[in-house]
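Survey of secondary and tertiary structure
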Amino acid sequence: MSVHKLLLLPGDGIGPEITAEAKKVLAFLNETGAARFETQTGLVGGAAYDVHKQAISEADMELAQAADAVLLAAVGGPKWDGVPYEVRPEAGLLRLRKDLGLFANLRPAICYPALAEASSLKRELVDGLDIMIVRELTGGVYFGEPKEIIDLGNGQKRGVDTQVYETYEIERIGRVAFELARKRGNKVTSSDKANVMKSGLLWREVITALHKREYSDVKLEHMLADALGMQLVRWPKQFDVIVTDNLFGDMLSDEAAMLTGSLGMLPSASLGAPDAQGKRKAMYEPCHGSAPDIAGKGIANPIAMIGSLGMAMRYSFDLPKAADAIDAAISAVLAQGLRTADIKGSAASTVSTSEMGDAIVRELGGILA
Ligand code: NAD
């Protein structure tokens with residue numbers, strides 16, 4: 001049986017608490033022989049700054065490069081508000097994304113039937129929702145040059161950001177979306193602002209050509225990003241895979257997140273390009289932050305973290321059975337009425353972080369038996 005090497009980066013705030021629950025799942029899979037994992041643990045964010053005065057050390061970057069995947073919890077918190085900009089906690093995240101070449105960010109928005117009441121939309125609109133947002137992560141307006149604030153000398157300043165995409169960047173993110181769609185509902189909605197932006201025109205042209213050349217079996221539609229924002233709250237179940245650029249993806253994926261109720265539920269994956277053996281560098285992390293307001297209280301929801309580990313099973317370790325089992329275990333504990341405080345709704349009581357983790361592991365046992 002092959003050994004899967006996973007680097008754990010618990011980070012800050014609730015990070016260590018939810019990482020402990022993911023470790024229970026890993027230990028269970030190891031003990032039952034379902035798979036073999038070797039883990040190492042590093043420091044990122046404020047935790048790394050406290051020890052190394054860096055947001056991630058060179059040694060931990062080497063571990064990340066050598067691992068089959070990285071599982072990161074969250075970084076940041078008020079304790080590090082005053083640290084120099086280059087070593088702020090988020091710099092650790094950006095370094096990992098950049099150095100590992102993680103250009104594709106996958107954010108599933110799944111609404112578990114048991115939690116449909118927690119959505120801001122009516123139950124019938126979100127019950128059973130299962131969409132995947134594929135966001136381009138390393139290009140576009142967040143990175144394009146020039147990027148500056150110029151003093152115009154007349155009491156005015158000019159702020160400039162540059163939205164720039166090249167063909168290869170659009171093609172590689174398009175490929176990720178089409179490949180994913182083939183394994184899901186076989187439909188891709190590509191989103192841009194081709195009506196007002198040149199980069200949007202190119203985006204549409206490249207996606208259309210790629211579809212025609214390599215993926216004509218997949219249904220493709222184009223939708224302007226503003227219209228997509230509206231359709232996401234009108235009838236979200238019309239979507240399967242949505243692919244879009246860095247800026248629109250940032251906003252649309254947060255919008256989709258709220259359809260599902262709580263930030264504590266949402267996993268994500270960031271993938272790099274496949275190497276000659278088809279292996280991709282990858283990092284998995286919950287969509288939420290370090291939740292300093294509840295850190296250390298034992299009440300954080302570990303589901304986004306455990307769901308992120310599930311995504312690693314699917315996209316890095318080729319263990320779809322384990323991934324399905326993790327999803328089913330999460331669904332089952334929610335159906336039994338177990339709730340952490342953030343998803344309490346009208347439930348009479350709540351469970352702790354560690355009780356939720358234990359319950360998921362117990363369910364896993366039954367599912368994989
Ligand atoms: P946050 O996601 O940490 O918290 C927002 C709200 O959601 C809080 O009330 C928090 O208690 C709650 N919440 C988040 N995750 C939860 C969970 N698993 N269980 C229960 N409740 C949960 O966002 P924020 O408060 O804006 O940011 C806090 C810190 O996290 C900041 O330093 C920010 O920079 C950082 N941050 C990091 C990441 C990351 O590591 N990827 C992402 C966003 C924010």
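Preceding this section is the structure that the text describes.
A few points on the structure. Counting of residues starts from 1 at the beginning of each chain's written sequence and follows it residue by residue. Reporting in this predicted model follows two pLDDT cut-offs: at least 70 for local features of residues, and 80 or more for side-chain atom pairs to be given and counted; totals over whole chains, interfaces and linings ignore these cut-offs and use all residues. The side-chain quantities take in all heavy atoms of the structure and omit both hydrogens and water.

Here we come to helix α1 (residues 15-31). Secondary structure elements follow DSSP: runs of H or I no shorter than four residues count as helices, runs of E no shorter than two count as strands, and numbering proceeds from the N terminus. Take the residue count of a helix, subtract one, and multiply by 1.5 Å to get its expected span. With 17 residues, α1 should cover 24 Å at 1.5 Å per step; its first-to-last C-alpha distance of 24 Å lies within 8% of that length. Listed as buried for α1 are Gly15, Glu17, Ile18, Thr19, Glu21, Ala22, Val25, Leu26, Phe28 and Leu29. Where α1 terminates, the next one or two residues include Gly33, which has phi positive at roughly 75°. For every residue, the accessible area obtained with a 1.4 Å probe (protein chains only) is divided by the maximum for its type, and the residue is called buried under 20%, exposed over 50%, and partly exposed between those limits.

Another point: the pattern of salt bridges. The term salt bridge refers to a pairing of a side-chain nitrogen on Lys or Arg with a carboxyl oxygen on Asp or Glu at a separation within 4 Å. Evaluation of the coordinates by the stated rule reveals 23 salt bridges. Linking Arg107 and Asp254 is a salt bridge whose minimum nitrogen-to-oxygen distance equals 3.1 Å. Note that Arg107 is positioned in strand β4 (residues 104-110) and Asp254 in helix α9 (residues 246-259), a separation of 147 residues in sequence. Residue Asp254 is classed as partly exposed on the basis of its relative accessible area, which comes to 42%.

All right, on to the side chain of Arg107 then. The class for Arg107 is buried, based on a relative accessible area of 11%. Polar contacts here mean pairs of N or O atoms no more than 3.5 Å apart (in protein, one a potential hydrogen donor and the other a potential acceptor; neighbouring residues in sequence count only if both atoms are side-chain atoms). At 3.4 Å, the side chain of Arg107 and the side chain of Ser253 are in polar contact. Once residues lying within four places of it in the same chain are set aside, the contact partners of Arg107 are Ile131, Met132, Ile133, Ser253, Asp254, Ala257, Pro267, Ser268 and Cys287. By definition in these notes, contact holds between two residues if any of their heavy atoms fall within 4.5 Å.

Attention now goes to the pairing of strand β8 (residues 187-192). The buried count for β8 comes to 6 of 6 residues, which makes it a mostly enclosed element. Residues Lys187, Thr189 and Ser191 point to one face of β8 and Val188, Ser190 and Asp192 to the other, with burial holding for every one of them. With 6 bridges joining them, β8 and strand β9 (residues 219-224) adopt parallel strand pairing. Paired with Val188 across the strands is Leu220, a residue of β9. Seen with the strands pointing away from the viewer, any crossover whose path from the first strand over the helix to the second strand runs clockwise is right-handed. Handedness of the crossover joining β8 and β9 through helix α7 (residues 198-214) is recorded here as right-handed. When DSSP finds at least two bridges between two strands, those strands are taken to pair.

A sheet is described by the order of its strands in space; here 10 strands give the open sequence β2-β1-β3-β12-β11-β4-β5-β10-β8-β9, paired in mixed fashion. With partners counted over all chains shown, the strands left at the sheet margins are β2 (36-41) and β9, one partner each. Strand-to-strand twist in this sheet, taken as the mean axis angle between neighbours without regard to direction, amounts to 25°. Docked against the sheet, α7 engages β5 (130-136), β8, β9 and β10 (241-244), running at close to 175° with respect to β9. Each axis is a line fitted through C-alpha atoms, taken for helices only over the stretch in contact, and angles between the N-to-C directions span 0 to 180 degrees.

So, about the state of the cysteines. Note that a disulfide, as used here, is simply two cysteine sulfur atoms within 2.5 Å. Per the counting criterion, the structure on display carries 0 disulfides. No disulfide involves Cys111; its sulfur sits 15 Å from that of Cys287, the nearest cysteine. Classification of Cys111 as buried rests on a relative accessible area of 2%. Exposure remark for Cys287: the relative accessible area of 22% places this residue in the partly exposed category.

It is worth spelling out the packing of α1 against helix α12 (residues 353-368) at this point. Where α1 meets α12, the closest approach of the two axes is 9 Å, and the angle between their N-to-C directions is 20°. Relative to α12, the element α1 lies roughly parallel. α12 is crossed by α1, and the crossing has right-handed handedness. On α12, the residues touching Glu17, Ile18, Glu21, Lys24, Val25, Phe28 and Leu29 of α1 are Thr353, Ser354, Gly357, Asp358, Val361, Leu364, Gly365 and Leu368. Classification used: nonpolar for Ala, Val, Leu, Ile, Met, Phe, Trp, Tyr, Cys and Pro, charged for Asp, Glu, Lys and Arg, polar for all others including Gly. Of the residues in the contact of α1 with α12, the class split is 7 nonpolar, 4 polar and 4 charged. Throughout this description, any angle smaller than 35 degrees is read as roughly parallel, any larger than 145 degrees as roughly antiparallel, any in the 65 to 115 degree range as roughly perpendicular, and the remainder as oblique. Left-handed describes a crossing whose near helix is turned anticlockwise from the far helix through less than a right angle; right-handed describes the clockwise counterpart.

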